[in-house]
Amino acid sequence: MPHDILPRPAAIGLDEYRHRRQALMATLPPRSAVLLPAASLVTRSNDSEYAFRQDSDFHYLTGFPEPDALLVLLPGRAEGETVLFCQDKDPAKEAWTGIRIGAEGAVAHYGVDQAFENAERDERLSELLDGREAVYLPLDDEAAVALAEEVRRDLGARARQGAEAPRALCDVTHLIHERRLIKSEAELVLMRHAGEISARAHVRAMHTSRPGLYEYHLQAELEHEFLWQGGQAPAYSTIVGGGANACVLHYIENASPLRDGDLVLIDAGVEFDLYAGDITRTFPVNGRFTAEQRRVYEIVLTAQERAVQAVAPGVTLAEIHQGVVQDLTAGLIELGLLEGSVEERVEDDSYRRFYLHSTSHWLGLDVHDVGGYRRDGEPRRLEPGMVLTVEPGLYLPEDDDIPEALRGIGIRIEDDVAVTAEGHEVLTSGVPKRVADIEALMVNN
Ligand code: GLY
Ligand code: MN
Ligand code: MN
């Protein structure tokens, strides 16, 4: 199998991070401040930690890759609007876990105006927030709220010396999330790359599949490609479900044998420079669809292709989902799994026995990315720069009332789609989904 190396795309530049901070500050009232903590390391067992993964909001505004940092934005401050607190330089710790960037490094290499080590944090933070009327921070972050309350107490206790404590703590999260929903061109470059690596990983799994392997063998092929191409990790737990395991939506055990005559559903994507790919393909373990598998597959494929075609500015995710529900319900009636008319079966929700999830979610730094799905109580209209998944599926349970040939078939087909001014761009077209193309790719397995 060819195993070439994709050229790495450009990382996001310092100017873009600066622009993001400025754009956020422009939405805040004067004399406000932002406090935003980085992620911390999480213990896995005893003194071992999970691999560090930066907080997505913190990354979006800084690009700073270390744990236990704190971003402070101070709109209008003459000595600099962006202040970063970071881990103390500590040769004893650095000998074990690597060189820390430190305050000087943060200013020199990450474009912040001022930086201090955490040892100075509590004292400096009171100085910085003195006279700021409102502090914007993630209100669901208990440690951040406790820190802000501590500063308020400290400044409040010194009111007679002229200190002015912030009067309000406000939520910053939705302001950042609304900005993250619209991707810049530099972000789209990374998302195309995540899509391309993820697609290659699925191709690799298709090439490798054969009866007698276990689900985890295909997981190993996928994740090998993720790391080979410089991705950091899977963007979420890889799902490889053979046979009826495909009907368990979040099946991640990946421990069963792959059987001749079964389908296998793979939902997997890479995280590259913190951006997620998210692809699902379903294909025959042995490379040839049976007639029944093919009938169900074509129903899902048609619904998926029509939904992708519908992606354009002005359309809503609710409209795309409704189109999928119509197409899948018509297919379920054709298969004899539902009776009556499409309208009736959509109306009484009976299709939900076979299709219980929604068709799309936002995609970006998080696989289920942030940003509101509604606006003013209505489903939000798509705009250029949004990225979403399109992922219809059918899951036929192993119940007595289902014809035997259809029992335990689970099929989902998922692509990542960016909204453009003209319509859309599919980011994950590097892996086939048509029956003939999949069978051709697997012909020599
Ligand atoms: N892989 C998670 C999802 O498709 O939503
Ligand atoms: Mn997925
Ligand atoms: Mn998805």
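The structure this text deals with has already been given above.
All figures in this text were calculated on a predicted structure; none of them were measured in a lab.

1. Topic: the coordination of the manganese ion (ligand 3)
The protein atoms donating to the manganese ion (ligand 3) are Asp278 (OD), His361 (NE2), Glu391 (OE) and Glu414 (OE), with metal-donor distances spanning 2.0 to 2.2 Å. What the 6 donor atoms of the manganese ion (ligand 3) show is an angle range of 50 to 153° at the metal, which sorts the shape as irregular. Of note, the donors binding the manganese ion (ligand 3) are all from one chain and are spaced D-x82-H-x29-E-x22-E.

2. So, helix H1 (residues 14-25)
Its 12 residues place the ends of H1 17 Å apart at the C-alpha level, agreeing with the 16 Å of an ideal helix rising 1.5 Å per residue. Among the residues of H1, those classed as buried are Glu16, Tyr17, Arg20, Arg21, Ala23, Leu24 and Met25.

3. Thoughts on the pairing of strand S8 (residues 168-171)
Sheet topology places strand S7 (residues 134-137) next to S8; 4 bridges connect them, and they run parallel. Counterpart to valine 135 in the pairing with S8 is leucine 169.

4. Thoughts on the nonpolar core
Judged by nonpolar contacts, the single largest core of 112 residues is most densely connected at Leu84, Leu218, Ile266, Leu382 and Leu394. It is helix H8 (residues 185-208) that provides the largest number of residues to this core, a total of 10 residues. Setting aside chain neighbours within four positions, we find leucine 218 in contact with Ala205, Thr208, Ser209, Leu213, Val240, Leu258, Val264, Ile266 and Phe283. One finds Val72, Leu74, Phe85 and Leu129 within the second-largest nonpolar core, a separate group that totals 19 residues.

5. Describing helix H11 (residues 317-334)
Between its first and last C-alpha, H11 extends 26 Å over 18 residues, near the 26 Å set by a 1.5 Å rise per residue. Among all positions of H11, only Leu317, Ile320, His321, Val324, Val325, Asp327, Leu328, Thr329, Gly331 and Leu332 are buried. Residue glycine 336 follows H11 closely and has a positive phi angle near 85°.

Reading guide: rules and limits
- Residues numbered from 1 in each chain as written.
- Chains lettered and ligands numbered in written order.
- Predicted model: local features only at pLDDT ≥ 70, side-chain atom pairs only at ≥ 80, totals over all residues.
- Heavy atoms only, no water.
- Donors = N, O, S within 2.8 Å, 3.2 Å for Na, K, Ca; no water.
- Tetrahedral: all angles 85-135°; square planar, octahedral: opposite > 155°, others 65-115°.
- Helix = DSSP H or I, 4+ residues; strand = E, 2+ residues; numbered from the N terminus.
- Expected span 1.5 Å × (residues − 1).
- Buried < 20%, exposed > 50% of the residue type's maximum accessible area, 1.4 Å probe, protein only.
- Pairing = 2+ DSSP bridges.
- Core = buried A, V, L, I, M, F, W, Y, C linked by side-chain atoms within 4.5 Å.
- Contact = heavy atoms within 4.5 Å.

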